[in-house]
Amino acid sequence: MARTSYISVIRIVAIFLVILIHSSSGYLNSNDFSSFDWSYANWINSFSRFSVPLFVIISGALLLQKNESTGQFYKKRLLKIVPPFIFWTIIYLVYYFIRYIDFEYVGFPQVVNIVLIRLKSGTNAHLWYLYMLIGLYLAIPFVRKIVGNCTKREIEIFIALWFASLFFTNKWFNSYLPNFDLSFFSGYMGYLVLGYYLRNHPVSMMKLSSFTFFVLCCLITGSGTQYLSITAGEFDPTLYNYLSPNIALSAGFLFVFVQRLKLPEPLHAFWRFIDIHSFGIYLCHILLLNYIHPIVPLSTLWKIPIAATLTLLTSALLTYGLRKIPFGKYVSG
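Everything in this summary refers to the structure shown in the same document.

Calculation rules
Residues numbered from 1 in each chain as written. Predicted model: local features only at pLDDT ≥ 70, side-chain atom pairs only at ≥ 80, totals over all residues. Heavy atoms only, no water. Helix = DSSP H or I, 4+ residues; strand = E, 2+ residues; numbered from the N terminus. Expected span 1.5 Å × (residues − 1). Buried < 20%, exposed > 50% of the residue type's maximum accessible area, 1.4 Å probe, protein only. Contact = heavy atoms within 4.5 Å. Phe/Tyr/Trp six-rings, centres within 6.5 Å; stacked < 30°, edge-to-face > 60°. Lys NZ or Arg CZ within 6 Å of the ring centre and 35° of its normal. 1 Å grid on protein atoms, 1.4 Å probe; cavity = no way out; pocket = protein on both sides within 12 Å on 5 of 7 lines; lining within 4 Å. Points joined across faces, edges and corners; volume = space filled by probe spheres on them. Nonpolar A, V, L, I, M, F, W, Y, C, P; charged D, E, K, R; others polar. Core = buried A, V, L, I, M, F, W, Y, C linked by side-chain atoms within 4.5 Å. Salt bridge = Lys/Arg side-chain N within 4 Å of Asp/Glu carboxyl O. Disulfide = S-S within 2.5 Å.

Moving on, we get to helix H8 (residues 189-200). Across its twelve residues, H8 extends 17 Å between first and last C-alpha, which sits within 8% of the 16 Å expected from 1.5 Å per residue. When you tally the buried positions in H8, you get eleven out of twelve residues, the bulk of the element. For H8, the set of buried residues is Met189, Gly190, Tyr191, Leu192, Val193, Leu194, Gly195, Tyr196, Tyr197, Leu198 and Arg199. The inward-facing, buried residues of H8 contact helix H1 (5-24), helix H3 (51-63), helix H6 (128-148), helix H7 (152-168) and helix H10 (245-259).

And the structure:
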């Protein structure tokens, strides 16, 4: 998998923003919309929520143009994510039972039920990404053949239809729109195709313009979330949805902005270290954040970014350490 500087920078930004989301999201549950903590967490989330879509866009940029058989792709890619998926699923399941379950009051049938419930969508909340990613990987060999036989214009039409589908699946709009079946164009598949398009057909947009539109989309997310939450009397995360139009635009504009930067090739060794270990960082960061965040003795203003930074560094070191033990490279991520 080729690593160009702008792809690496986007990946590094995305993994840090994911940790920043998890460092700040807990403050949003207070429903104290006038407080600094809630507003600060809201704006951090609004300028971070596009991070997961960026990962998918990167996958599309790197994987949809490769020339390999379906069998080769499955063997190479699934073997990279399935063992870490199984390993961290078990780790977080054990962690959940140790931290939250008192076995004096929970019998074997309840334990089995808890396991089945947590396995359904992830033994920790962030592992939903792997469920989604495995589904995308299964589809990539076929999507690759489709985009490989499409003209630039046809790919643009696909992306436009995918973007339209985001409105049809959005609860704000779907009650006012006809029930067209746009499921073929919907979901995270559009981010894959967008990544392929942006890498092979870079958008000729000025850096200032792309960054301005990116900031505008984030401002819409933040101010809209505040308005919706105040109106509802409780936190309303509608605009945080990874498949919301505002989030899709944020991700796209940021990708274009970074793509047009003049970056060194290769990056500094420290950033390459973070980049290379980014998947493992994603997998293990919640485990470390749960212990780091409470012990940072600072106000919210500093606590969130410093806890996120410490979690990024310790997660990278943990991933590095795991890769050094026997068979660790297969499960660390």
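What follows concerns the packing of aromatic side chains. Evaluation of the coordinates by the stated rule reveals 34 aromatic pairs. With a centroid separation of 5.3 Å and an interplanar angle of 55°, the aromatic rings of Phe158 and Phe185 are classed as tilted. Pair noted here: Phe158 is in helix H7 and Phe185 is in the loop between H7 and H8, with a separation of 27 residues, a long-range link. Summarising the burial analysis for this pair, Phe158 and Phe185 share the class buried. On the basis of an interplanar angle of 20° and a centroid distance of 5.2 Å, the ring pair of Phe213 and Phe253 is categorised as stacked. Taken together, the residues span a long stretch of sequence, with Phe213 in helix H9 (residues 207-232) and Phe253 in helix H10 at a distance of 40 residues. Take Phe213: its relative accessible area is 39%, and that puts it in the partly exposed class. These aromatic residues form a ring-pair network of at least three members: Phe55, Trp128, Tyr129, Trp162, Tyr188, Tyr191, Tyr242 and Tyr282. If you follow Arg99 out to its NZ or CZ, it ends over the ring of Tyr291, 5.6 Å from the centre.

Of the volumes computed, that of the second largest pocket is approximately 370 Å³. His22, Asn124, Ala125, Ile286 and Asn290 are, among the 20 residues lining the second largest pocket, the residues nearest its centre. With six residues, the top contributor of residues to the lining of the second largest pocket is helix H12 (residues 278-295). Grouping the constituent residues of the lining of the second largest pocket by class yields eleven nonpolar, seven polar and two charged.

Moving on, we get to the nonpolar core. The nonpolar side chains of a soluble globular protein tend to be buried with one another. The biggest cluster of nonpolar side chains holds 91 residues, and the ones touching the most others in it are Phe50, Leu54, Tyr129 and Trp162. In contact with Phe50, other than residues within four places in its own chain, are Leu17, Phe214, Cys218, Ile247, Ser250, Ala251 and Leu254. Counting six residues, the second largest nonpolar core, distinct from the first, contains Leu93, Tyr96, Ile101 and Ile114.

In total, this model carries three salt bridges according to the counting rule given. Note that Arg11 and Asp275 form a salt bridge whose closest N and O atoms lie 2.4 Å from each other. Of the two residues, Arg11 is situated in helix H1 and Asp275 in helix H11 (residues 269-276); the sequence distance between them amounts to 264 residues. We note a salt bridge from Arg153 to Glu156, for which the minimum N-O separation is 3.5 Å. Highlighted residues: Arg153 and Glu156, both in helix H7, separated by three residues, approximately one helical turn.

Structurally, Phe211 can be placed in helix H9. Between the C-alpha atoms of Phe211 and Lys329, which are 118 residues apart in sequence, the distance is 37 Å.

By the element assignment, His285 lies in helix H12. For His285, a relative accessible area of 0% puts it in the buried group. Apart from the residues within four sequence positions on either side, His285 is in contact with Val18, Ile19, His22, Tyr92, His126, Thr311 and Ser315.

Moving on, we come to the state of the cysteines. Overall, the coordinates contain zero disulfides when judged by the stated rule. Cys217 forms no disulfide, and the closest cysteine sulfur to it belongs to Cys218, at a distance of 6.9 Å. Judged by its relative accessible area of 7%, Cys217 falls in the buried class. Overall, Cys218 belongs to the buried group, its relative accessible area being 0%.

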